[in-house]
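Residue strings, one per chain:
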Amino acid sequence: MSDSAATPQTATDRHPIGLIVTDDLERNRLTVFFRLLLAIPQAVWIALWGVVASVCVLIPWVATLFAGRVPAGLHAFISRFLRASTHLSAYVFLLADPWPPFGGAQGTYPVDVRIDPPAAQGRLTVLFRILLAVPAMLLTYVFRAVNQLVALLGWFYCLFVGRMHPGMRDLSAWLLRSEVQTYAYLLLLTGRYPSLAGSATA
């Protein structure tokens, strides 16, 4: 399942942030059993990276207020952080089986994030970005709780079958896509509000 497999969308309809899923559903029972333990090194790395990324967001916030666009270099840096954190979430939620890479490079993991290049953003929406993001963040909190439940059910399923159930995987991917779009909006990677429309990889 990938962006190309989703319902065709025009350039104006397609959200600037998308989820690309090329996972084959196969799971290693041993790594599934110890999944949370195996994710600890990545979680520590993402937490440290997140501190730096949070500080860096202040720079494009000011820059965008004046120029109306996030500088390309900072956009690339924050994009890598979002991809890396998404890779980790996908690993923990059993959306993918390989241990995620540290760098957050595009195309290096079965569950990846499509992030369009920097585009013009409304200065007023940038100024009040945190306030505007509150409803989406509340929904993300609910979606994260649901995804944890799906992951728990998927954990038992994978241990017995050795594969992830496609329905569980697709639901989890849809929930994760909304979460990724919310964080991308909050991190100024896009001025487009998170969308619930479309399939998981739309």
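Residues numbered from 1 in each chain as written. Predicted model: local features only at pLDDT ≥ 70, side-chain atom pairs only at ≥ 80, totals over all residues. Heavy atoms only, no water.

K.L.:
Can you walk me through the nonpolar core in this structure?
P.N.:
Nonpolar side chains tend toward joint burial in soluble globular proteins. Counting residues in each nonpolar core, the largest one holds 31 residues, and the members touching the most others are Leu19, Val111, Leu176 and Leu189. Those elements that provide at least two residues to this core are strand E1 (17-21), helix H3 (40-67), helix H4 (72-92), strand E2 (111-115) and helix H7 (166-186). Among the elements that take part in this core, H4 stands out by supplying 8 residues, more than any other. With 5 residues, the next largest nonpolar core counts Leu25, Leu94, Cys158 and Met164 among its residues. (Core = buried A, V, L, I, M, F, W, Y, C linked by side-chain atoms within 4.5 Å. Buried < 20%, exposed > 50% of the residue type's maximum accessible area, 1.4 Å probe, protein only. Helix = DSSP H or I, 4+ residues; strand = E, 2+ residues; numbered from the N terminus.)

K.L.:
Sorry, what's going on with a nonpolar patch on the surface here?
P.N.:
Judged by side-chain polarity, Leu30, Phe33, Phe34, Leu37, Leu38, Ile40, Val44, Trp45, Leu48, Trp99 and Phe102 come together as a nonpolar surface patch covering roughly 1100 Å² of accessible area. Elements supplying a minimum of two residues to the nonpolar patch: helix H1 (29-33), helix H2 (35-38) and H3. Of all the elements, H3 adds the most residues to the nonpolar patch, at 4 residues. Tracing the sequence through the fold places Phe102 in the loop between H4 and E2. In this structure Phe102 comes out as partly exposed when scored by relative accessible area, which is 36%. (Patch = residues over 30% accessible without salt bridge, like charges linked within 9 Å, V, L, I, M, F, W, Y side chains within 5 Å. Areas by Shrake-Rupley, 256 points an atom, 1.4 Å probe, with all protein chains shown as cover. Salt bridge = Lys/Arg side-chain N within 4 Å of Asp/Glu carboxyl O.)

K.L.:
What's the story with helix H6 (residues 129-161) in this structure? I'm lost.
P.N.:
Structural remark: α-helix, 3.6 residues per turn; residues separated by three or four positions point the same way. The sharpest bend along H6 comes to roughly 40°, located at Pro135. What H6 keeps buried is the set Arg129, Ala133, Ala136, Thr140, Phe143, Asn147, Val150, Ala151, Gly154 and Cys158. Where H6 is buried, its residues contact H1, H4, helix H5 (123-127) and H7. (Bend = angle between axes of the 7 residues up to and from the residue. Contact = heavy atoms within 4.5 Å.)

K.L.:
I keep staring at H4 and nothing clicks. Help me out?
P.N.:
The terminal C-alpha atoms of H4, which comprises 21 residues, lie 30 Å apart, in line with the 30 Å expected from a rise of 1.5 Å per residue. In terms of residue burial, H4 counts as a mostly covered element, since 15 of its 21 residues are buried. Within two residues after H4, Leu94 carries a phi angle of roughly 65°, on the positive side. (Expected span 1.5 Å × (residues − 1).)

K.L.:
Help me understand the pattern of salt bridges, please; the structure alone is not making it clear to me.
P.N.:
Note that side chains of opposite charge can pair when their charged atoms are close. What the rule picks out here adds up to 8 salt bridges. Here Arg163 and Glu26 are joined by a salt bridge, their closest N and O atoms 2.4 Å apart. Residue Arg163 is found in the loop between H6 and H7, and its partner Glu26 is found in the loop between E1 and H1; the two are separated by 137 residues along the sequence. Between Asp170 and Arg169 there is a salt bridge, and its shortest N-O distance comes to 2.9 Å. Owing to a relative accessible area of 29%, Asp170 belongs among the partly exposed residues under this scheme.

K.L.:
What is the right way to read the packing of H3 against H4 from this model?
P.N.:
Axis angle and axis distance: for two packed helices, these are the angle between their axes and the distance between the axes, and together they describe the pair. As a packed pair, H3 and H4 sit with axes 10 Å apart at the nearest point and diverge in direction by 150°. Taken together, H3 and H4 sit at an angle that is classed as roughly antiparallel. Remark: the crossing between H3 and H4 carries left-handed chirality. Here Gln42, Ala43, Ile46, Trp49, Gly50, Val52, Ala53, Cys56, Val57, Ile59 and Pro60 of H3 lie close against H4, whose contacting residues are Leu74, Phe77, Ile78, Arg80, Phe81, Ala84, Ser85 and Leu88. (Axes fitted to C-alpha atoms, helices over the stretch in contact; angles between N-to-C directions. Parallel < 35°, antiparallel > 145°, perpendicular 65-115°, else oblique. Left-handed = near helix turned anticlockwise from the far one by under 90°.)

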